Structures are given as structure tokens and as C-alpha cells.
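Here is what each chain is made of, one letter per residue.
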Amino acid sequence: MLDNKVIHKENLKMAPNLEDYTATSKYFTYDRYIDELVWFDHDKINAAYNAITKNALGDRKNKIAMYWEGENGESRKYTFLEMEEASNQIANYLKSLGVSKGDRVFIFLPRVPELYMAFIAILKIGAVAGTMFSAFGPQALYDRLDQSQAKILITTSELAKRLSTVKKNLPHLKRILLTDKGFAHEISMQPKSLHVAQTNEDDDAYMLYTSGTTGKPKGVVHRHKAIVYEYLTSKWVLDLHESDVYWCTADPGWVTGIVYEILGTWACGAATVVHAGRFDPSVWYSIIQKYEVTVWYTAPTAIRMLAAAGEDLIKKYNLTSLRHITSVGEPLNPELVTWSKKVYGLPFHDTYWQTETGGILMANFPSVPIKPGSMGKPFPGIIPHIVSDDGHLLKTGQTGNLAFEPNWPSIMKKLWRRPVKYESYFMRVKDLANKRVYLTGDQAYKDEDGYYWFVGRADDVIKTSGERVGPFEVESALIAHHAVVEAGVIGKPDALRGSIIKAFVVLKEGIKPTEALKNELSEYVKKNLAGHAYPKEIEFIDKLPKTRSGKIMRRILKAKELGLPIGDTSTLEEY
Ligand code: WT7
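Residues numbered from 1 in each chain as written. Predicted model: local features only at pLDDT ≥ 70, side-chain atom pairs only at ≥ 80, totals over all residues. Heavy atoms only, no water.

Across the sheet, 7 strands lie side by side as β6-β5-β3-β4-β7-β8-β18; this open sheet has mixed pairing. On the outer flanks of this sheet lie β6 (175-178) and β18 (414-415), each paired with one strand and no other. The pairing of strand β7 (residues 204-210) with strand β8 (residues 218-223) spans 6 bridges and is antiparallel. Looking across to β8, one finds that Y206 is bridged to H222. The strands that helix α9 (residues 255-267) touches are β4 (128-131) and β7; relative to β7, the one it contacts most, it runs at about 145 degrees. (Pairing = 2+ DSSP bridges. Helix = DSSP H or I, 4+ residues; strand = E, 2+ residues; numbered from the N terminus. Contact = heavy atoms within 4.5 Å. Axes fitted to C-alpha atoms, helices over the stretch in contact; angles between N-to-C directions.)

Assigned domains of the protein: these are domain 1 (8-352), domain 2 (382-456) and domain 3 (464-562). A straight line from the C-alpha centre of domain 1 to that of domain 2 covers 27 Å. Counting residues at the interface gives 26 residues for domain 1, matched by 20 residues for domain 2. For the pair domain 1 and domain 2, the summed buried surface comes to about 2,000 Å²; carbon and sulfur atoms form 56% of the total. In this assembly, domain 1 and domain 2 are joined by 2 salt bridges. Residues D204 and K413 are paired through a salt bridge, measuring 2.5 Å at the closest nitrogen-oxygen approach. Taken together, the links from domain 1 to domain 2 amount to 12 residue pairs in polar contact (both at pLDDT 80 or more). If you list the elements that add at least two residues to the side of domain 1 that touches domain 2, you get α5 (138-148), β7, β8 and α8 (227-236). In terms of residue count, β8 provides more of the side of domain 1 that touches domain 2 than any other element does, 6 residues in total. When grouped by side-chain class, the residues that make up the side of domain 1 that touches domain 2 number 11 nonpolar, 6 polar and 9 charged. (Domains from an automatic or database assignment. Buried area = accessible area lost by both parts, 1.4 Å probe. Salt bridge = Lys/Arg side-chain N within 4 Å of Asp/Glu carboxyl O. Polar contact = N/O pair within 3.5 Å; in protein donor to acceptor, adjacent residues only side chain to side chain. Nonpolar A, V, L, I, M, F, W, Y, C, P; charged D, E, K, R; others polar.)

Turning next to the environment of E114. Secondary-structure assignment places E114 in helix α4 (residues 113-124). It is 9.1 Å that separates the C-alpha atoms of E114 and I90, two residues lying 24 residues apart in sequence. The residues touching E114, leaving out its near neighbours within four places in the chain, are L109, T179 and F183.

Glancing now at the packing of aromatic side chains. Scanning the model with the defined rule gives 34 aromatic pairs in all. With a centroid separation of 5.1 Å and an interplanar angle of 75 degrees, the aromatic rings of F40 and Y49 are classed as edge-to-face. In this structure Y49 comes out as buried when scored by relative accessible area, which is 16%. On the numbers, 6.5 Å between centres and 50 degrees between planes, the contact of F106 with Y209 is tilted. Taken together, the positions of F106 in strand β3 (residues 104-107) and Y209 in strand β7 put the pair 103 residues apart, joining distant regions of the chain. (Phe/Tyr/Trp six-rings, centres within 6.5 Å; stacked < 30°, edge-to-face > 60°. Buried < 20%, exposed > 50% of the residue type's maximum accessible area, 1.4 Å probe, protein only.)

Dropping the structure here:
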């Protein structure tokens, strides 16, 4: 039925690393590939050693690791040896400040070169790196630094101002290092050599906070051994060869910017392009042209904006260096796949994964025909299941909970100090002899050819411009405003951004529901929580629909918004 829409790829510009998906999947075991990484004795492995040191000690030492393009067009480049030495110096500096194995060191920086060097440095000494997106406001910063009990924060004097009101409530935070004040001098005094920590494969490497439906963001912890999966997926899905100039447009404040801009990329020996500026179609195309980018990893929202910018713009640039283009973060509309094939001569390849999975689980591989709109097929070794709410396996074509057997090296190790929440990600499947599977929180189905199709979230988590926002955090930020009694927050479908954040707000008695107040509330959330997590739309209402136990029924707010039937209201307080 779909066959006439399948995109076959006879004309790949280069032989892909994964030539035979079917055979490789059939005979796959990690043991076959484990020696492509550097291990220390006794099964010890360090992810940063495999990303940088390995290359700096070998033939790639004078090869470019990072092309950096600043906001105002300034540019710099760094070889693997330069990255090695710079990160060693930062590592030695951190050690001199008393940072030791397991300590949390957080980075709150825009996309400056120091961010990438510091990240590597932290992993090299066995400390745990945490990254925070530079649009975060005081509340988001406090939540992360407090819950992780971070000891050191690396930031700039400008960004550090956002901590001024919350710093006093962070007793574990011993030092704030400012990259624009004395940092360069301190670093330059440090030795350029370092004995990289021989971490155990299960030792914590980095952590990232991500949102769920309820509660504060959770600290997802990933281990050093994840580098095995970060490397293999970079090699087979992104198809990175050492000759590639690869541009991942994500920020390292999110998982994609860590796994597929830093760790996996460099483990393959490819050069990474970092663009510190904002999205702008002309600037983006000029970066591809200037650096002769070969592999590109971006997100559907950006692709939709590029499509909106039109084909005439594309004709002004030479984009012929591109050979493989990939997407992640939200559903990739089938139209964008066919559009990109038409205008760039290459179809976008959708990939699916999550902060918690630490690497790509489903993908459209370079050597496998694409069904536009599908997330593709499981990575070799990955075993997906579509499961009903009551723990039964569903059949081909039936939509249900997308689950995976928890058998791959980069699955989250734990949630930082949230063991009960961690367990809630797993369920037993009756039809698999009660085997434990990992639940993604997404709904999907498998078609008769083994392709998986994304249907939607099973929970209230909002995806706006590909970024994950928990409704509870936005509600909490709104309630902190003096005019607000209660708020219910949903994702409202939006053609460009996937969803926008919409808030239903109950005001205190006597407060006037004006347009000006709507703007004030939006700005308030933008400033206190985060620049990307504010409600674009606000509607004042008298009362929120709630369950008898007092939970806000966002499902009902959403149905109301979309003019859909309200569904089962048997647990509703009253409506
Ligand atoms: C959620 C995870 C890890 C990459 C960045 C996002 C949604 C992700 C796809 C896709 C449809 C997708 C899911 C998932 N998502 N990729 N290809 N098609 N939906 O990581 O912020 O942890 O979000 O993003 O809902 O659960 P994240």
C-alpha cells in the first residue's frame, strides 16, 4: 500500500558504514564491536578518553576535531591534540580545586569552545558532568543545582547573574568559575598532561535533567560504557566516517548535543561543527557551504522553517557537500522527507530516541529504503515491543505503548536520587514470561514491513520546537505569580513548532483578566523558568477540571481546546 511512496536510495554518495542492515541485525552482538573502543584493564573504560585522547595519541592528532563559528561570524578551529591539551588543563584545574571522582560539575554556558573542553575535562577525571541550556532562568537552575548537589558551576559573569537570588540556597555549590574572568589564566598555568581516570564501565559520566508529566525535572544519569552505543549509532545511523564534517544543530544543554555533537562524533574521529548563533536560514546554509558539511543532524521544527524560507534561498548556496541528512526530536512530517529529496537531492532520515535512552533506538538507515513519516527500524540489537496498558503484546498494526527490552549499553543508569521514579519506567509483559521492559511514554505501531510509526505521547509531556517541557513545571512557575491561583498547561498542536504551550489560568478574586496580564504572565515564566518553556497562549478560566483526588485533567483541557469529545469523565470531580 505504501510501496509507491518508499524512497529507495540507489545513489548513495559514499558506501555506508552499515551496508547490510538485515544481516548485521541478525548476527548482532556487542562483543563483535567492543574492540573498536579503547578499554583499560579489568573492563574499565572512559568515554572522554575514547572521544578525544584516543585520537590525540594517534594518527588523528592534527586532524580538526571542532570548527567553531561564533554568533558574529568569528571562527576558530581545534585539532584533536588541542582539544586534548585544553581539556587536560581544565581537568587539572578542577582537580586543584578539590574535585574528585563522582562530584557533580555543572556547565551553564552558551555554545563557546570552553563548554566542549570542560565537558571532556569533567569526564576525564571521573567527575559527573551536568549541562544546562543557556536559556534557563533562576528556577530551572536552582532545581538542577540543588537536586544534583553540584559542587562546581562553570558559567560566564553575564549568565551567573541569573543565580543571584538562588545562590544562597545552594549550600553544596562551592565554586562558580567564570570563563570570562581569570579562567583562561588559571587554565594556562596548568600542565597539559593528565592521567585520565580509569573509570569502571558503570561509573557515572554525565547527567541531564528532563521533564515528565509530574514533579520536578529528573536527573537522568548515563554511564561511561554508554560510549559503546554512542559510537556505534554515530557510525551506523549518522554514518560518520573520519573524513566527515558533521554538523549537529543541537545545544549540549540537551542530550543530542552531548551524544551526537561530542561523544559519539569524536569517537568516530569526525570533525564537529559548532554554531553558537541562533537559527537563521541564510546563516545555516552559509555554514554548510563554508565548512563543506557532509552530514547534518537537525530537528523537524528547523526543517519546517527552512522549508518556509523557500527554494530560491537554497539556490544561492552551494550545498553539494551534503551527503547524509538526519532528524530527531519530534515526528518528521512525510512532506519534509519528500521536500528535502527534491530541494537538496537527499531525503531527511528520521531517528527516534530519548534523553533516557542515551542513544538512537530507531532509525532510517542510509542503506535501507525510507518510508516517509516512519521512524524507521530498530538499531541492531534493539528489541522493541508494542504493549497494551495491561501488559500484553499487541499485533502488527495495533497502536500501543512503545517499549524496549532494556539491553543496550546507553540506557539510563538511574535517576539521580529518585529510585522510585526510576522503577516507574519499567513494566512486566505477561506474554513475555513477565519480562521487564522499558517504557518510553510514547505510543507507536509497527507495520507489516517492520517499520515503526510514531502516534503520540502516552502522557501530558509537551514537545515544543522539539524540546521537552513538563506541564507541571510551567504550572508551578505560573502559580508563583501573585495574580494566579491555579493553572493547567497543555501542548496545542502547531504547524511550525509541533506544539505550543497553552496555559489555562485561574486568577485571584478581584484581578482583571486583561491582555496585558497575559503578556506579563508569559514574560514571568520566560524569565523565571526558561526562555523556551513559557506559554505562548494564555486563556483565563474560572475553574480547572480535576479528578476527585485533585489532579488537573489536562486531557480535558486539551479536548476542549481542540473541540474534541471529552471522553471518560468518570473520575472527574465535577465539570
Ligand atoms: C521524546 C524524547 C533524544 C533526542 C531528542 C529528544 C519525542 C524524539 C522522535 C521522532 C517522534 C520523537 C518522543 C520522545 N521524539 N524523536 N523521531 N519522532 N517523536 O529527546 O527531549 O528526551 O524527548 O521526543 O516523544 O519520547 P527528549
